[in-house]
Structure formats: structure tokens, C-alpha cells
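Geometric and topological summary
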Amino acid sequence: MSTMVDLVIRDALLVTPEASRPGAVAVDGGRIVAIGRSDAMPAARRVIDIGGRPLIPGALDVHTHVREPGFSHKETWATATAAAAVGGVTTIFDMPNTNPPTGNAAAVREKIAIAARQAHVDFGVYGYVGETNIGDLRSMADAGASAFKLFLGSDNPLVPCPNDGAVLDAMAQIRQTGLRCTVHAENTPILNWRGAQMKAAGRDDLSAHLAQHADIATVEAVQRIALFSEWTGCKIHIAHENCRHAVPVIAAAKRRGVDITAETCPHYLLLSMDDAEQAGGNALRVKPPVREAGHADALWAALLDGTIDMISTDHAPHPAQEKHRASIWETSPGFPGVETSMRLMLTEVAAGRLTLRHYVKLACEAPARAFGLWPRKGALVVGADADLVVLDLNHRETVRGGQFQSLGKVTPFEGRETIGRASQTFVRGTLVMDNGGLAGAPGVGRPLQRP
Ligand code: NCD
Ligand code: ZN
Ligand code: ZN
């Protein structure tokens, strides 16, 4: 080959779910144009020798709350996607509980326009599914929504939980678009009833929040939405699975052929209520909750056996003052995650809990496949977008929320030692993070093409 390409990354350990092998990647026009031996690469305008470090496809995080428009004091597109770049995440999907909610075609277009001016990484936008916008779902897909989000289990007046009749009608519509519908699967009446009981009893601590979110509330909702998926043919994705009792429900749905995928998040895998004090007390509040010890082991087993398909983060930043409140009911749920997920999971790789190849499957390939993006995203193959992450598996660092790119600085992992991190992140061939610091300019990130 004699033509000059944009970039060659050589002396890499190319890690995919199938294999780890020494080699190199050539990039031109934002795509991977060659993969092979380092000495067999075309001439390039820029050559980076990574000294045998692992090179993986950029991670996809299909569950982030970017907060703009409406809540830019919590997070902006610039800060959320900077956090993603630092975290080795090259594609995020943004949730629709913004103000205005992403609930019609104009809101989808407006959000994409806001995001495109600021983004450091590629992004997809979720469309909200409600009772009053069923007629808009198709036009939202046409306007560029990458997936839909159904809040079964919501007390947020901006994105209320639709009734089951509306859910069925919406799912029939979503089926027509071919897109997947991600579901926050909890039973709203159970949450409301138990929440009122807790408040009436004067309970306002973290354990009251856990008691409100009873296991049955999620088991029932997962069961119901799997049945609705089977009935309507609408593909679904179970968000932030936190409960061991829901695992067999997901497994049974998969066995009978329901097109269902599921994610869990580092906080459900690595924390339990036993860690509440260490994790900041009320600051650990997240919906659904981190549960009692014992759930995490079952979630790990489900992740390793494929019942749970992928890792997401539910990146849900809030200002510190909203995370440190005396009453649990006044404490904003959620915390940032997109910046720490890879570090935390690589630490588990270092501990021998999963292989690096398996991590690549869970963080890169599986989300890309589930949302119709593979192998353009999440794969090291010729023709794929050159979304690439160089790993430093030996890097040791302590999690410090104060150092985050995210405006959300309160993390339940504060003070945790991690081993391994992303040391360089490329989005379609552009270096956006180098050695832990931002390297690209806002606006490198682009909206996803419709799958
Ligand atoms: C999310 C948020 O803050 O937007 N909070 C959370 O605790 N996960 C909402 C959600 O994902 O349900
Ligand atoms: Zn949720
Ligand atoms: Zn969420």
C-alpha cells in the first residue's frame, strides 16, 4: 500500500472478545482501514507506538443523563462528554428526562443541536415514551432518536409513567420504528404506596428508600414488560438491573425468544447497603437502590453467563448540596459514573474476576449490537469507526470526585483505589483524551447515524 493514511497505532495488543493479539490499526477518514502486523501498516501522517499496551474499541454507555436542556447546573453536554472521553467511553446515549423532556420530534432535533456544539464523543438521544405522545414516536425516530425510554417506575412529573394501555400502544408503535425501548422497570403503584408508608412512619433514611423499592416492584415490572415485548414484538432493554430476583425472569424471557437485553452498573456490582456509610450515607441514594449484600454476586454471575448483556453507568450527576441532605426523600438520586466505570471494571479484571476480553464484550460489543450499531461501533474491524481506547493496565489511582470532568462530584466510590484506566481515547480517529486529560475540542462528537 502506498497511499498515506491519517494515523497508525502500532505495537498494540489488540483486544476483542475473541482474541488478544499483537498488532496495529491504520485509520483514515475516521474509519479503520487496516488491521494487522505493525510492520505491515501503510505510511501515515501520524504514527503512535503504544509499547504493547492493550487497544480496545471505545466503550458505549447506553445509559447517561446529560441534563441539558433544563438542568445545566447539574451537567452539560460539554462536561458529560468530557467525562466520557476521560472514561474511555466513545459513545453515550442520553436519557430524555430533561426540561423540556425529549418527547417530540422538535425536542429530539433541539437536543441533537445542543449536543453537537459541545460533544467530545459520539452520542445517541433517547425519546421519552408517555401517554400523550404515542402519535409522535415515529417522527421522533425520523428526527434522529437512537432508542426510546420508558419510565415504568417514575415519580418525576416531567416524565410520568404511562398506564399499561398506553404502554402497549406505544410499544406497537416503537416496533414499527425498529428501535429498542429501554425500560426503568419498577412498579409505580408499589413505589408510591410503600413510599407513603415510610413517610407516614417518619422514616427518612437510606434503608427506608430501599424498603420503598421492594424487590417485588422490579420483579413484577420486568415480568410485565417482557410479556408486553413478547406480545407486541417491541425490542426491550432492561435498565440498571439491581436485583437478584429479576435475573431468572430475564433468563426465562430470553429462553422463550423475547428480544430482551439487560444492563447492570458498577455500583450494583461493587457495592451493597453494607457500604452505605463508606459510600456517603444518603449520597448512596440511587433509583433503583443498591441492595443488601448478596445481590451483587448474583448480578456478577448473570453478567458472566450472559443473562445480563452489558455494563452501563446510569451516569446521573447532581450538585453536592443535592446529595448531602438530612432526609433521604430530599436527596437527589443518582451519581456520576461514565468517568469511573472503566477504571472500576479494569480493577476487577486485575483481580481476576473477568478477563479483559470479556470486559470488551460487555462494555463495547454488546451495547453496540443491542442498539443496532455493531460493527460500526464496538468492534476492531476494517470499516468500523476508529473509536479506539489505549489502556494502561498498571495505572493506580484513587477515585477523587473533585477531579472529575463531570459537574457531579459526589461519587459512592470516593477514595477507592483503582488499577488500570484508559490512557488515550480516539473518536473516529481524533484524539480526545490523552493521559487523563482532555485533548480534543468540543464538537468532535457527532450524533449517531440511524441504525
Ligand atoms: C436518575 C436521574 O437522576 O435522572 N436517577 C437515578 O437515581 N438513577 C433517574 C433514573 O434513572 O431513574
Ligand atoms: Zn432509571
Ligand atoms: Zn437513569
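Residues numbered from 1 in each chain as written. Chains lettered and ligands numbered in written order. Predicted model: local features only at pLDDT ≥ 70, side-chain atom pairs only at ≥ 80, totals over all residues. Heavy atoms only, no water.

With respect to the environment of R203
Along the chain, R203 turns up in the loop between α5 (188-200) and α6 (206-212). With 161 residues separating them in the primary sequence, R203 and C364 have C-alpha atoms 41 Å apart. Setting aside residues up to four positions removed in sequence, R203 forms contacts with M198, A208 and W329. (Helix = DSSP H or I, 4+ residues; strand = E, 2+ residues; numbered from the N terminus. Contact = heavy atoms within 4.5 Å.)

Section: the sheet that holds strand β7 (residues 89-94)
Judged by pairing direction, the sheet is parallel, and its eight strands sit side by side in the order β6-β7-β8-β9-β10-β11-β12-β13 without closing on themselves. On the outer flanks of this sheet lie β6 (59-64) and β13 (310-311), each paired with one strand and no other. Relative to strand β9 (residues 147-152), strand β8 (residues 122-128) is paired through three bridges, and the arrangement is parallel. Considered in β9, the bridge of Y128 is made with K149. Sitting on the sheet, helix α1 (residues 77-86) touches β7 and β8, and the angle it makes with β7 is about 140°. (Pairing = 2+ DSSP bridges. Axes fitted to C-alpha atoms, helices over the stretch in contact; angles between N-to-C directions.)

Quick look at the packing of aromatic side chains
Enumeration according to the criterion identifies four aromatic pairs in this entry. With a centroid separation of 5.8 Å and 65° between ring planes, the pair formed by F93 and Y126 is classed as edge-to-face. Placement of the pair is F93 in strand β7 and Y126 in strand β8, with a sequence separation of 33 residues. Given the relative accessible area of 1%, F93 is considered buried. Their ring planes at 65° and their centres at 5.1 Å tell us that F93 and F371 sit as a pair that is edge-to-face. Of this pair, F93 sits in strand β7 while F371 sits in the loop between α13 (356-370) and β14 (388-398), and the two are 278 residues apart along the sequence. Clustering of aromatic rings is evident, with ring pairs tying together F93, Y126 and F371. In this arrangement the basic side chain of K149 is found over the ring face of F151, its NZ or CZ atom lying 4.0 Å from the centre. Here the basic side chain of K199 rests over the ring of W329, its NZ or CZ set 5.0 Å away from the ring centre. (Phe/Tyr/Trp six-rings, centres within 6.5 Å; stacked < 30°, edge-to-face > 60°. Buried < 20%, exposed > 50% of the residue type's maximum accessible area, 1.4 Å probe, protein only. Lys NZ or Arg CZ within 6 Å of the ring centre and 35° of its normal.)

A look at the coordination of the zinc ion (ligand 2)
Those protein atoms acting as donors to the zinc ion (ligand 2) are H184 (ND1) and H240 (NE2), and they sit at 2.0 to 2.1 Å. Because the angles between the four donor atoms bound to the zinc ion (ligand 2) fall within 50 to 142°, the donor set is best described as irregular. Between the zinc ion (ligand 2) and the zinc ion (ligand 3), a separation of 3.6 Å is found. Highlighted residues: H184 in strand β10 (residues 181-185) and H240 in the loop between β11 (236-238) and α8 (247-255), separated in sequence by 56 residues. (Donors = N, O, S within 2.8 Å, 3.2 Å for Na, K, Ca; no water. Tetrahedral: all angles 85-135°; square planar, octahedral: opposite > 155°, others 65-115°.)

Some points on the pairing of β7
For β7, the buried fraction is high: six of the six residues fall into the buried class. Judged from the four bridges that link them, β6 and β7 form a sheet pairing that is parallel. Bridge pairing links T64 to D94 in β7. For the segment spanning β6, α1 and β7, crossover handedness is right-handed. Pairing geometry for β7 and β8, over four bridges, is parallel. Among the inter-strand pairings, D94 is bridged to a residue of β8, identified as V125. (Right-handed = clockwise from strand over helix to strand, strands pointing away.)

Structural notes on empty space enclosed by the protein
Inspection of the entire model under this criterion finds five cavities of 30 Å³ or more. When its volume is computed, the largest cavity comes out at roughly 80 Å³. Of all the elements, β6 adds the most residues to the lining of the largest cavity, at three residues. Residues of the lining of the largest cavity, tallied by class, amount to seven nonpolar, four polar and one charged. (1 Å grid on protein atoms, 1.4 Å probe; cavity = no way out; pocket = protein on both sides within 12 Å on 5 of 7 lines; lining within 4 Å. Points joined across faces, edges and corners; volume = space filled by probe spheres on them. Nonpolar A, V, L, I, M, F, W, Y, C, P; charged D, E, K, R; others polar.)

Let's talk about the coordination of the zinc ion (ligand 3)
Looking at the zinc ion (ligand 3), the protein donor atoms are H63 (NE2), H65 (NE2) and D314 (OD), and they sit 2.0 to 2.1 Å from it. Geometry at the zinc ion (ligand 3) is irregular, judged from its four donor atoms and the angles of 86 to 145° they form at the metal. Overall, the relative accessible area of 1% leaves H63 in the buried class. By relative accessible area, which is 5% here, D314 ends up buried.

Things to note about unusual backbone geometry
For the bond from K287 to P288, the omega torsion is -10°, close enough to zero to count as cis. For P288, the location among the structural elements is in the loop between α9 (266-270) and α10 (295-305). For the bond from W374 to P375, the omega torsion is 5°, close enough to zero to count as cis. In this structure, H240 is a non-glycine residue whose phi angle is positive, near 30°.

Some points on the site of ligand 1
Residues in close proximity to ligand 1 total 13 residues, the closest being H65, R67, N97, K287 and D314. Note that an oxygen atom of ligand 1 is positioned 2.8 Å from one of the backbone N or O atoms of K287. Against a free-state accessible area of 320 Å², the protein chains account for coverage of 92% of ligand 1. With respect to the pocket detection grid, ligand 1 is positioned in the largest pocket. For the shell around ligand 1, the class distribution of residues is three nonpolar, seven polar and three charged. (Near = heavy atom within 4 Å. Polar contact = N/O pair within 3.5 Å; in protein donor to acceptor, adjacent residues only side chain to side chain. Areas by Shrake-Rupley, 256 points an atom, 1.4 Å probe, with all protein chains shown as cover. Sits in = over half its atoms within 2 Å of the grid points.)

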